[in-house]
Each structure stands twice: as structure tokens, then as C-alpha cells.
Amino acid sequence: QKISNLLLWVLIDRGRYEEAKHIVDRAIASNIQTFGARSPITLQNWCHQLRILHETARMDEALEVGKKAIVFSEAADVDATGESERPTERASARR
């Protein structure tokens, strides 16, 4: 994880935003599945994604990602789509 973190900082600092965004998008999905939404590693990746969007003046998208990060960080059991991983909650949410 440290290598990925360092790689992201280097890419961002060198202005290689799209490449960094591609890596961080995959890392977020993977880390939610592996470590959970509240994991410091997952939250660190959300911060990278927000910095990329801010640096590229994609403020509306950054606002949406920020809101999503807050929801994910407060949720106990969500998957990469934001859906509950608890079968009973998924079923009741569909009703």
C-alpha cells in the first residue's frame, strides 16, 4: 500500500492526473472490498481522488465524490457501489 500511495503522490505532483485517477479509482473499489469503507487506507484513497479532481478543476465531481466518501466512511457495511452488503438491508431497500 505504501508503494501505491507514493506512486499516486508522484503522479499527482507531476500533473499526470488521469493516470493517477485510474489507479485510485481501482484502489478505492479494491480497498472497500478488502479493508472496508472505514479503513484508513480507503479514506486515504478518497483523499487522493478528491485532490485529483480539485487539481483538475472538476469541482462538481469533487463535491459528489466528497459526499460519497462521507457516506462510505460512516456506513458500516457497504460495497463498492454504495449498496449495503447485508442481505436484509438490500431486500428492504428495494421495497
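Right above here is the structure, for reference.
Bear in mind the structure is a predicted one, so any value in this text is a computation, not a measurement.

Asks: Explain the overall build of the chain to me, and be specific about the residues and the numbers.
Replies: Within the chain one finds five helices and zero strands. Sequence-ordered secondary structure for the chain, helices as α and strands as β, is α-α-α-α-α. Counting over 95 residues, the chain shows a buried share of 32%. Counted over contacts in the chain with a minimum sequence separation of 6, partners at least 24 positions apart contribute 50%. Summing over all exposed atoms, the chain offers an accessible surface of approximately 6,200 Å²; the carbon and sulfur share of this is 55%.

Asks: Describe the packing of helix α2 (residues 17–35) against helix α3 (residues 40–55), with residues and values.
Replies: Their axes nearest at 9 Å, the elements α2 and α3 cross at an angle of 155°. As summarised for this structure, α2 and α3 are arranged roughly antiparallel, according to the angle between their axes. As α2 packs across α3, the resulting crossing turns out to be left-handed. Along its contact with α2, which presents Tyr-17, Ala-20, Lys-21, Val-24, Asp-25, Ala-27, Ile-28, Asn-31, Ile-32 and Phe-35, the element α3 presents Ile-41, Thr-42, Asn-45, Trp-46, His-48, Gln-49, Ile-52, Leu-53 and Glu-55. The class makeup of the residues in the contact of α2 with α3 is eleven nonpolar, five polar and three charged.

Cut-offs used in this document
- Residues numbered from 1 in each chain as written.
- Predicted model: local features only at pLDDT ≥ 70, side-chain atom pairs only at ≥ 80, totals over all residues.
- Heavy atoms only, no water.
- Helix = DSSP H or I, 4+ residues; strand = E, 2+ residues; numbered from the N terminus.
- Buried < 20%, exposed > 50% of the residue type's maximum accessible area, 1.4 Å probe, protein only.
- Contact = heavy atoms within 4.5 Å.
- Areas by Shrake-Rupley, 256 points an atom, 1.4 Å probe, with all protein chains shown as cover.
- Axes fitted to C-alpha atoms, helices over the stretch in contact; angles between N-to-C directions.
- Parallel < 35°, antiparallel > 145°, perpendicular 65-115°, else oblique.
- Left-handed = near helix turned anticlockwise from the far one by under 90°.
- Nonpolar A, V, L, I, M, F, W, Y, C, P; charged D, E, K, R; others polar.

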